[in-house]
Amino acid sequence: MKRRSFLKGLAGVAMTPVSRYAFPSPASSSFPQSIMDAHLTDQSGELSLLYGQLPGDVFGHVFFAEGIPLEEGHFTPSGRGALTRIDFQPNGIPQFTRKMIQTPSVLMQQFIDSWPDRFRLLGGMVHYSPTMGFVNTCNTAPNFMGNNRFALSFEGGVPYEFDAMSLELITPIGHYDEWKSSLPPFIDALTPEKWLFPQVRTTGHPYFDLETQACFTINYGGNIGNIGTAAGFVDLIRWDQQGALKRWQVVGRDGRPAFIAATAHSLGVTRHHILIFETAAQVEPLRMMGIRSVAPQQHRTPVWIIRKKDLKAGNTQVVADYLALNFDTSDVMCNYDDHDDEITLYGQYLGAMDKSEPQYHWERCQFGGRVSARIAGYPAAPVDVGGLTRTRIQVKPDRVREIPTDFRLLRDDQLFWDMNDPAYQGHFQFPETFEHIYWAAVGYRPEHVVKRVADAYSQYPNRFYTNDTLPQETRPSALVHLDCNTMTLTDAYQFPEDCVMRTPQFMSRPDASSQQDGYVFTAVVRQQPTQGIGNGKEIWLFDAQNLTQGPIAILGHPALNFATTNHALWVPEIGPRPDDSYRAEVGDFFRNRADAHSRAVRDVIETQILPRFG
């Protein structure tokens, strides 16, 4: 299929024509600034059909998380969390329920606003209280654990289980004492013992294996980037969904501890192996002190590969083999099948892009002008086109190697801008073999290219564009379909320019016969609401076997008001969480520290936290 055939417009729905300009201004931008705003209250209702026709066989439940900036410069994906569930019934009216994510630290943040206890924003990324610690918004991804149990994850805090019916958080996964502080030892030694919310770093995508009922995740830290790596640690955690966490420190064959300099957004799990990736989102330590320098991501993805057979009870360490892949990525999936000890990976090619960089108020834009306060905190635009990759790794008894002849990289200068979340059948549980993956490309806007980031990536390897040749016209969001067998782009849809699309999710048809037999759910924010109806916060559904035709249905409701959405999850059915399920008893953790805090903090512990988690 020719690329031009991908770029069909949306028939029957209002579109904003592509404008061409050298020096865009906020007033002329088609960017939907309402993505910076969302309700901070719980909402529910029936969705209205704004366009098209909802197929009679759409069913199941989609959960999606979001981040809401609470102040100017607050990085939107890591903002205040909300969780939405969309309920589809065959031939019925879809309904939505949206609830704010209320972790203990979020509850405390809402009620405490006096010095020295109040939380303040550091570097646009995290809220911090000198007397209590760090806020965990727990807003990265919803996960299915099996048996009507669900979890929410966050890279800057412990994961929590939630009830699928009420959307209320039930319990942290692991007692707080089972997680190690991720701060470097010399900083951790200075933190007050009364801290209620220590910094814990983990992966955004723990893996819940429905075949074995094992959960795999990590706990890492101890270093600051490439500084203090001797104290750095990566602990692999296995959890049986009932008892205590089991952990092994990951070490190389030379006995040196593994460490992660940036982040670990993704975790790969196959039948016999576990892969820990260092992914491309590095938050510079100086940013927390207000210095906005950029350390560009490196053109590589380090990975530590562990054999499950080496996770032996009684051992405190596990040996892993290290490999550096020659591209940077964030979301990585593996074929669960790893026969002949060969592992197949799929991921984005991010290129000259920094997923952790917000735009700051009044900083210089690459093409003139400055960032307005209205969008301060929204991610900076990429400074090159991205792509999609396939990589294959061979695991030998004492080492690993990449199979270079099997590497594939696809790039498209119209569609592959800001490659973001994947969607596939069985989201967050990997199939035996991937055949079809759908990807969100959030898009490119020249008015969001900030000079600070462009300068940092000016010499980045393998660039398709240079800073001088970057497009000065918008590349809208796109939904693309990758055929994994042929490593070809088989279908795509590019959105109207006034749309930002994120959070795709595959929804199977009843008795689906293939990985493309179903629908693709997307969350869309647009400047001009479809048909002029509603608030521009919309749900667009696509036929997974025909993206090019555009959405088959668009849904919305004035009270469904979300901000920057993160990951999503689809399940065919939900029910009450079993009464005898796991609960971490964390009440004493707060009671034992309460007396060291102010009366206001003690009140929040007693009236808000303990009734929920005590």
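Because the structure is predicted, anything quoted here is derived from the model rather than measured.

Peer 1: Would you mind going over the overall build of the chain with me for this structure?
Peer 2: If you tally the helices and strands in the chain, you get five helices and 34 strands. Computed over the C-alpha atoms, the radius of gyration of the chain is 23 Å, within 12% of the 25 Å expected from 2.2 N^0.38 for a compact globule of 614 residues. Contacts in the chain between residues at least 24 apart in sequence constitute 69% of all its contacts with a sequence separation of at least 6. Carbon and sulfur atoms provide 50% of the accessible area of the chain, an area that totals close to 22,100 Å². On the chain, the mean spot of the 55 positive side-chain charges and the mean spot of the 67 negative ones are 4 Å from each other.

Peer 1: Quick question: what am I supposed to make of the pairing of strand 27 (residues 436-441) here?
Peer 2: Where a strand is regular, its side chains alternate between the two sheet faces. A large share of strand 27 lies buried, amounting to six of its six residues. Across six bridges, the pairing between strand 27 and strand 28 (residues 478-483) is antiparallel. Each residue of the ladder has a partner; that of alanine 441, found in strand 28, is alanine 478.

Peer 1: Looking at this structure, how should I read the packing of aromatic side chains?
Peer 2: What characterises a pair of aromatic rings is the spacing of the ring centres plus the angle enclosed by the ring planes. Scanning all chains against the criterion turns up 34 aromatic pairs. Ring geometry for tyrosine 176 and phenylalanine 589: centres 5.0 Å apart, planes at 65°, overall edge-to-face. Taken together, the residues tyrosine 176 in the loop between strand 12 (169-172) and helix 2 (185-188) and phenylalanine 589 in helix 4 (residues 587-594) connect sequence positions 413 residues apart. The burial state of tyrosine 176 is the same as that of phenylalanine 589; both residues are buried. Considering the side-chain rings of tyrosine 207 and phenylalanine 430, the 4.9 Å spacing of their centres and the 50° angle between planes classify their relative orientation as tilted. Residue tyrosine 207 is found in strand 13 (residues 207-209), and its partner phenylalanine 430 is found in the loop between strand 26 (419-423) and strand 27; the two are separated by 223 residues along the sequence. Classification of phenylalanine 430 as buried rests on a relative accessible area of 10%. Three or more aromatic residues link up through ring pairs in this structure, and these residues are Phe119, Tyr176, Phe197, Phe589 and Phe590.

Peer 1: I keep staring at the nonpolar core and nothing clicks. Help me out?
Peer 2: If you look at soluble globular proteins, the nonpolar side chains tend to sit buried side by side. In terms of nonpolar packing, the biggest core is built from 155 residues, with Phe63, Met108, Val250, Ile276, Val480 and Phe590 touching the most fellow members. No other element matches helix 5 (residues 599-613), which puts six residues into this core. Ignoring any residue separated from it by four or fewer positions in sequence, one finds valine 250 in contact with Val234, Leu236, Pro257, Ala258, Ile276, Trp304, Ile306, Val318 and Ala320.

Peer 1: Even after reading the chapter, I still don't get the environment of glycine 221, so can you show me in this structure?
Peer 2: Here glycine 221 lies in strand 14 (residues 214-221). Note on glycine 221: relative accessible area 2%, which makes it buried. Between the C-alpha atom of glycine 221 and that of leucine 183, which follows or precedes it by 38 residues, the distance is 6.2 Å. Those residues in contact with glycine 221 that lie beyond four places of it in its chain are Ser182, Ala231, Gly232 and Phe233.

Peer 1: Just checking my understanding: could you explain the pattern of salt bridges for this structure?
Peer 2: Oppositely charged side chains are able to pair whenever their charged atoms sit close together. By the definition in use, this model includes 29 salt bridges. Residue glutamate 211 pairs with arginine 271 through a salt bridge whose shortest N-O separation is 3.1 Å. Here arginine 271 lies in the loop between strand 17 (267-269) and strand 18 (273-277) and glutamate 211 lies in the loop between strand 13 and strand 14, a separation of 60 residues in the sequence. Close ionic contact of aspartate 543 with arginine 509 constitutes a salt bridge, the shortest N to O distance being 3.6 Å. With aspartate 543 in strand 32 (residues 537-543) and arginine 509 in the loop between strand 30 (499-508) and strand 31 (518-526), this residue pair connects regions lying 34 residues apart in the sequence. No difference in accessibility class separates aspartate 543 from arginine 509, as the two residues are buried. Connected through salt bridges with shared partners, the residues Asp57, Arg509, Asp517 and Asp543 form a single ionic network.

Peer 1: Any chance you could explain the environment of isoleucine 605 here in plain terms?
Peer 2: Residue position: isoleucine 605 is located in helix 5. What makes isoleucine 605 buried here is its relative accessible area of 1%. Sequence-wise, isoleucine 605 and alanine 594 are eleven residues apart; in three dimensions their C-alpha atoms are separated by 7.3 Å. Once you skip the residues sitting within four places of it in the chain, isoleucine 605 turns out to touch Met108, Leu196, Phe590, Ala594, Leu610 and Pro611.

Peer 1: Can you help me understand the packing of helix 1 (residues 104-111) against helix 5 in this one?
Peer 2: Contact pair helix 1 / helix 5: the axes reach a minimum separation of 10 Å and the direction vectors enclose 145°. With respect to the hand of their crossing, helix 1 and helix 5 are arranged in right-handed fashion. In this structure, helix 1 contributes Pro104, Leu107, Met108 and Phe111 to the contact, and helix 5 contributes Val601, Val604, Ile605, Gln608, Ile609, Arg612 and Phe613. Of the residues belonging to the contact of helix 1 with helix 5, the class tally is nine nonpolar, one polar and one charged.

Peer 1: Whenever I open this one, the side chain of arginine 149 confuses me. Can you help?
Peer 2: Here arginine 149 lies in strand 10 (residues 149-153). Sequence-distant contacts of arginine 149, defined by excluding residues within four places in its chain, comprise Asn143, Phe144, Glu161, Trp239, Gln241, Gln242, Arg577, Pro578, Ser581 and Tyr582.

Peer 1: Teacher, can you tell me more about helix 1 here?
Peer 2: Of all eight residues in helix 1, six are buried, a share of seventy percent or more. Those residues of helix 1 that fall on the buried side of the exposure criterion are Pro104, Ser105, Val106, Leu107, Met108 and Gln109. In this fold, the buried residues of helix 1 make contact with strand 4 (80-88), strand 7 (126-129), strand 8 (133-134), strand 11 (160-162), helix 4 and helix 5.

Peer 1: Even after reading the chapter, I still don't get the packing of helix 4 against helix 5, so can you show me in this structure?
Peer 2: A pair of packed helices can be characterised by two numbers: the angle between their axes and the separation between those axes. For the pair helix 4 and helix 5, the least separation of the axes is 10 Å and the interaxial angle reads 170°. By the angle class used here, helix 4 and helix 5 are roughly antiparallel. On helix 5, the residues that touch Gly587, Phe590, Arg591 and Ala594 of helix 4 are Arg602, Ile605, Ile609, Leu610 and Phe613. Across the contact of helix 4 with helix 5, the residue classes tally to six nonpolar, one polar and two charged.

Definitions and limits used
- Residues numbered from 1 in each chain as written.
- Predicted model: local features only at pLDDT ≥ 70, side-chain atom pairs only at ≥ 80, totals over all residues.
- Heavy atoms only, no water.
- Helix = DSSP H or I, 4+ residues; strand = E, 2+ residues; numbered from the N terminus.
- Rg over C-alpha atoms; globule rule 2.2 N^0.38 Å.
- Contact = heavy atoms within 4.5 Å.
- Areas by Shrake-Rupley, 256 points an atom, 1.4 Å probe, with all protein chains shown as cover.
- Lys, Arg positive; Asp, Glu negative; His and termini not counted.
- Charge placed at Lys NZ, Arg CZ, Asp CG, Glu CD.
- Buried < 20%, exposed > 50% of the residue type's maximum accessible area, 1.4 Å probe, protein only.
- Pairing = 2+ DSSP bridges.
- Phe/Tyr/Trp six-rings, centres within 6.5 Å; stacked < 30°, edge-to-face > 60°.
- Core = buried A, V, L, I, M, F, W, Y, C linked by side-chain atoms within 4.5 Å.
- Salt bridge = Lys/Arg side-chain N within 4 Å of Asp/Glu carboxyl O.
- Axes fitted to C-alpha atoms, helices over the stretch in contact; angles between N-to-C directions.
- Left-handed = near helix turned anticlockwise from the far one by under 90°.
- Nonpolar A, V, L, I, M, F, W, Y, C, P; charged D, E, K, R; others polar.
- Parallel < 35°, antiparallel > 145°, perpendicular 65-115°, else oblique.

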